[in-house]
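Observations on the model geometry
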Amino acid sequence: MLKYGPYYLKTYLDNDGTIVQARADILVPYKEIWPDAVKENGELTNTDTFKYCARVIHYSLNNPLFHHHCLRHTHGTILAENGAWPRTVMERLGHKDIKTTLERYVFNTDKLQNDAVEIFERAVK
C-alpha cells in the first residue's frame with residue numbers, strides 16, 4: 001500500500017454483496033474488506049492467475065493428473081477431515097447445492113472412515 005500510495009486498489013463489499021475495487025484516494029461508501037489473494041498493487045487475483053501455475057505443474061513437471069481445479073477438491077476434503085460443517089464447506093467452495101459439494105468435492109478418505117468408527121464406538125459405550 002505504501003509503495004503504490006493513491007494508486008493502490010482497495011477492495012469493498014457493496015450493499016448487495018458485490019465486490020468492488022477503487023483506488024485508495026477515492027472515497028467509497030461501502031465496507032472495506034481485505035481479501036487474501038491480491039496482487040502487489042491490491043488488484044484481485046482470479047482463477048486465471050493460478051491457471052498459469054497449474055499449467056506449469058501439469059506440463060513442465062509432467063504431472064498429467066494435476067490441474068487448477070484439484071486444489072478445490074483438496075480444500076473441501078481437508079475441511080471435512082478436520083470437522084468442518086458440510087454447509088460451511090459448500091459455501092467456501094461457492095456451491096449452491098450440498099449434493100455437488102459432497103459428491104464431487106469431498107472425498108471419503110481413510111481418515112474420515114476411521115473418524116466415523118471412533119465416533120460410533122464412543123456413541124455406543
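Higher on the page you've got the structure.
A brief look at the structure comes next. (Residues numbered from 1 in each chain as written. Predicted model: local features only at pLDDT ≥ 70, side-chain atom pairs only at ≥ 80, totals over all residues. Heavy atoms only, no water.)

Right, let's talk about the overall build of the chain for a bit. When helices and strands are counted, the chain shows five helices and three strands. Ordering the α and β elements of the chain from the N terminus gives β-β-β-α-α-α-α-α. By the compact-globule yardstick of 14 Å for 125 residues, the chain is too spread out, its C-alpha radius of gyration being 20 Å. Each principal axis of the C-alpha distribution contributes one length, and for the chain these read about 60 × 40 × 25 Å. Taken across its 125 residues, the chain has 18% of its residues classed as buried. (Helix = DSSP H or I, 4+ residues; strand = E, 2+ residues; numbered from the N terminus. Rg over C-alpha atoms; globule rule 2.2 N^0.38 Å. Buried < 20%, exposed > 50% of the residue type's maximum accessible area, 1.4 Å probe, protein only.)

Another aspect to go through is the packing of helix H2 (residues 70–81) against helix H3 (residues 86–93). Contact geometry of H2 with H3 gives a least axis separation of 10 Å together with a crossing angle of 160°. In this view, H2 runs roughly antiparallel relative to H3, as classed from their interaxial angle. When the axes of H2 and H3 are compared, the crossing they make is right-handed. For the pair formed by H2 and H3, the contact residues are Arg72, His75, Gly76, Leu79 and Ala80 on the first element and Val89, Arg92 and Leu93 on the second. Among the residues making up the contact of H2 with H3, the classes are represented as four nonpolar, two polar and two charged. (Axes fitted to C-alpha atoms, helices over the stretch in contact; angles between N-to-C directions. Parallel < 35°, antiparallel > 145°, perpendicular 65-115°, else oblique. Left-handed = near helix turned anticlockwise from the far one by under 90°. Contact = heavy atoms within 4.5 Å. Nonpolar A, V, L, I, M, F, W, Y, C, P; charged D, E, K, R; others polar.)

The strand order S2-S1-S3 describes an open sheet built from three strands, whose pairing is antiparallel. Here the strands that pair on one side only, and so sit at the sheet edges, are strand S2 (19–23) and strand S3 (31–33). Going across the sheet, the axis of each strand differs from the next one's by a mean of 45°, ignoring polarity. In this structure, strand S1 (residues 9–13) lies alongside S2, joined through five bridges in antiparallel fashion. For leucine 9, the partnering residue across the bridge sits in S2 and is arginine 23. (Pairing = 2+ DSSP bridges.)

In short, the description is geometric, and any link to function would need to be established separately.
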